[in-house]
Amino acid sequence: MSLGIVLGMMPSKYFIYHPFFILRFPPQIWRFATSFLITGSGLGLVFDTYFLYSYLSQMEVGNPRFPRKEDLIWYLIFVCGTILVANHFVGFGFMMFLPALILALSYTVTQDQRGAKVSYMFVTMPAQMMPYAMLAINLLFPGGVENMILQFHGLFAGHLFDFLSRTWPQYGGGRNLIPTPAILSRIVQSTESLFQAGVGGPARPAGRTLGGGTGANTSSGPLPDSWRTRGPGQRLG
């Protein structure tokens, strides 16, 4: 989508976030999602895509904090919603939020990598310092301060999720204040069932005969059909 906007094939005004388009009738609710999928031109198109794919892969594959699909979906809903709410309260009026989402993902992933070393812009540092390095690098580019302010929204959202779901239960003696809603689990399970039914349903075992044999034993041979349904048989002698 970003490539289409950069090449002039699609106007960005149909995908950015603005309350005017959300509150009108009919509401253009797709903007809640598309505003998190637009990046800039040049190197931003490459690096933002890479970091988004890399961090989401680390969260989705083999991460004990998100063992189910709905857990990761709930994380994205909570973080993106927090970024939007913070955007309204802070009042800067940002319309594209991918840098904030990437920083939130970076914060969440690196909290589980404490003690490890990572490299960013040819500099090796502790993994948990990665989000702050991504903030600081903005000071080297024109307009970087504005982008840094936007990324602070993501840092706040990622920290809030980590505090409510892990820090408070582990160290505050409480419980997870933002568990994955049960209705979201039912929606995901229902969607998976519909998808499996749409592609032909679950795989069935190879064709079995009435006598319990597999498809490999149903080929033609010297025995009558009524005999071949008795089973594979054994050679005598």
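In this text, all values refer to a predicted model and were calculated from it rather than measured experimentally.

> Sorry if this is basic, but what is going on with the layout of surface pockets here?
A probe as big as a water molecule, rolled over the atoms, marks out the empty space that is left. Here the largest pocket is characterised by a volume of approximately 850 Å³. Along the lines of polarity and charge, the residues of the lining of the largest pocket split into 16 nonpolar, 9 polar and 2 charged. Together, 14 residues line the second largest pocket, and Y50, F51, Y55, S119 and M130 are the ones closest to its centre. Elements that contribute at least two residues to the lining of the second largest pocket include exactly α4 (43-60), α6 (98-111) and β1 (117-120). Here the lining of the second largest pocket is built from residues that sort into 9 nonpolar, 5 polar and no charged.

> How should the UniProt feature "transmembrane region" (unreviewed entry) in the protein chain be read in this particular structure?
UniProt records the feature "transmembrane region" (unreviewed entry) at residues 29-53, 73-98 and 118-141, using the numbering of this structure. End C-alpha atoms of residues 29-53 are separated by 24 Å, and the span's content is 60% helix alongside 0% strand. Secondary structure across residues 73-98 comprises 73% helix and 0% strand; the distance between its end C-alpha atoms is 16 Å.

> It is not clear to me how the packing of helix α5 (residues 69-90) against α6 should be interpreted in this structure. Could you clarify?
Working note: a packed helix pair is described by the angle between its axes plus the distance between those axes. Running from N to C, α5 and α6 cross one another at 130°; their axes reach a closest spacing of 10 Å. When the axis of α5 is compared with that of α6, the two are oblique. By crossing handedness, the relation of α5 to α6 is classed as right-handed. Together, Y75, L76, V79, C80 and I83 of α5 and A100, L101, A104, L105 and T108 of α6 make up the contact between the two elements. Partitioned by chemical class, the residues of the contact of α5 with α6 number 9 nonpolar, 1 polar and no charged.

Thresholds, definitions, all that
Residues numbered from 1 in each chain as written. Predicted model: local features only at pLDDT ≥ 70, side-chain atom pairs only at ≥ 80, totals over all residues. Heavy atoms only, no water. 1 Å grid on protein atoms, 1.4 Å probe; cavity = no way out; pocket = protein on both sides within 12 Å on 5 of 7 lines; lining within 4 Å. Points joined across faces, edges and corners; volume = space filled by probe spheres on them. Nonpolar A, V, L, I, M, F, W, Y, C, P; charged D, E, K, R; others polar. Helix = DSSP H or I, 4+ residues; strand = E, 2+ residues; numbered from the N terminus. UniProt positions renumbered as here; feature names shortened; annotations may be inferred. Axes fitted to C-alpha atoms, helices over the stretch in contact; angles between N-to-C directions. Parallel < 35°, antiparallel > 145°, perpendicular 65-115°, else oblique. Left-handed = near helix turned anticlockwise from the far one by under 90°. Contact = heavy atoms within 4.5 Å.

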